[in-house]
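Remarks on the overall topology
Listed here are the chains, written in short residue letters.
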Amino acid sequence: MLFRSCNAVSHAHSAGVLHRDIRPGNMLVTDGGLLKVTDFGTSRFLEIAAHGTTVIGSPPYMAPEQFYGKAVFASDLYSVGVTLYQMLTGDLPYQTPSPGDIERLMRGELVTPPRVRNPRIPKALNDIVLRALAPDVTQDRKSTRLNSSHGYISYAVFCLKK
């Protein structure tokens, strides 16, 4: 599921499309096991702007920057991370943030590590999910969210080989 969802998001991103509403309800799996991302009604072409400027999406799955109308490709990877977290634990990583919680979400204070909720989750998967849910978007620090699905897939492969 991790690689399939990243590949689907990567396909949209390679066309310059930011989805902005990645969540389980917008992912379909065919009988042949192909994952398809649906509902591009909230998407935006990023070649028109540097980032999505409208606050739009499903709040439990939205990246912190989306609440400020600054969605980027990494925002979709955050939503993939929330979805993976939910698959592994049966819960969301935090309650839907209220307006007063947005700053705490920006600092990463609301996310409970998946292994806290389900100790059977391997450390590698825990780390992969937490990297997707990192509050900062950059490629130069281990504690930050990667800004491309290719980078995220490479990181996941690295963690799984450890």
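Below or above, wherever it landed, is the structure these notes cover.

The next thing to look at is helix H2 (residues 73-89). For H2, with 17 residues, the first-to-last C-alpha span of 25 Å sits near the 24 Å given by 1.5 Å per residue. In terms of burial, H2 is largely enclosed, as 13 of its 17 residues are buried. One or two steps after H2, the chain reaches Gly90, where phi turns positive at roughly 85 degrees.

The next subject is the nonpolar core. Counting residues in hydrophobic clusters, the biggest one holds 22 residues, and the most contacted among them are Tyr78, Val82, Tyr94, Leu105 and Leu133. Looking at which element gives the most residues to this core, the answer is H2, with six residues. Setting aside anything within four residues of it in sequence, one finds Tyr94 in contact with Pro60, Met62, Tyr78, Val82, Leu105, Leu110 and Val111. Core analysis: the next-biggest nonpolar cluster, separate from the first, contains five residues, Ala124, Tyr155, Ala156 and Cys159 among them.

Our focus in this paragraph is the packing of H2 against helix H5 (residues 123-132). The relative placement of two packed helices is expressed as an angle between their axes plus a distance between the axes. Running from amino to carboxyl end, H2 crosses H5 at an angle of 145 degrees, the nearest separation of the two axes being 7 Å. The handedness of the crossing between H2 and H5 comes out as left-handed. On the side of H2, the interface is formed by Leu77, Tyr78, Gly81, Leu84, Tyr85 and Leu88, while H5 contributes Leu125, Val129 and Ala132. For the contact of H2 with H5, the residue count by class is eight nonpolar, one polar and no charged.

Judged by side-chain polarity, Phe3, Val157 and Leu160 come together as a nonpolar surface patch covering roughly 220 Å² of accessible area. Counting through the fold element by element, Val157 comes out in helix H6 (residues 149-161).

Quick notes on the rules
- Residues numbered from 1 in each chain as written.
- Predicted model: local features only at pLDDT ≥ 70, side-chain atom pairs only at ≥ 80, totals over all residues.
- Heavy atoms only, no water.
- Helix = DSSP H or I, 4+ residues; strand = E, 2+ residues; numbered from the N terminus.
- Expected span 1.5 Å × (residues − 1).
- Buried < 20%, exposed > 50% of the residue type's maximum accessible area, 1.4 Å probe, protein only.
- Core = buried A, V, L, I, M, F, W, Y, C linked by side-chain atoms within 4.5 Å.
- Contact = heavy atoms within 4.5 Å.
- Axes fitted to C-alpha atoms, helices over the stretch in contact; angles between N-to-C directions.
- Left-handed = near helix turned anticlockwise from the far one by under 90°.
- Nonpolar A, V, L, I, M, F, W, Y, C, P; charged D, E, K, R; others polar.
- Patch = residues over 30% accessible without salt bridge, like charges linked within 9 Å, V, L, I, M, F, W, Y side chains within 5 Å.
- Areas by Shrake-Rupley, 256 points an atom, 1.4 Å probe, with all protein chains shown as cover.
- Salt bridge = Lys/Arg side-chain N within 4 Å of Asp/Glu carboxyl O.

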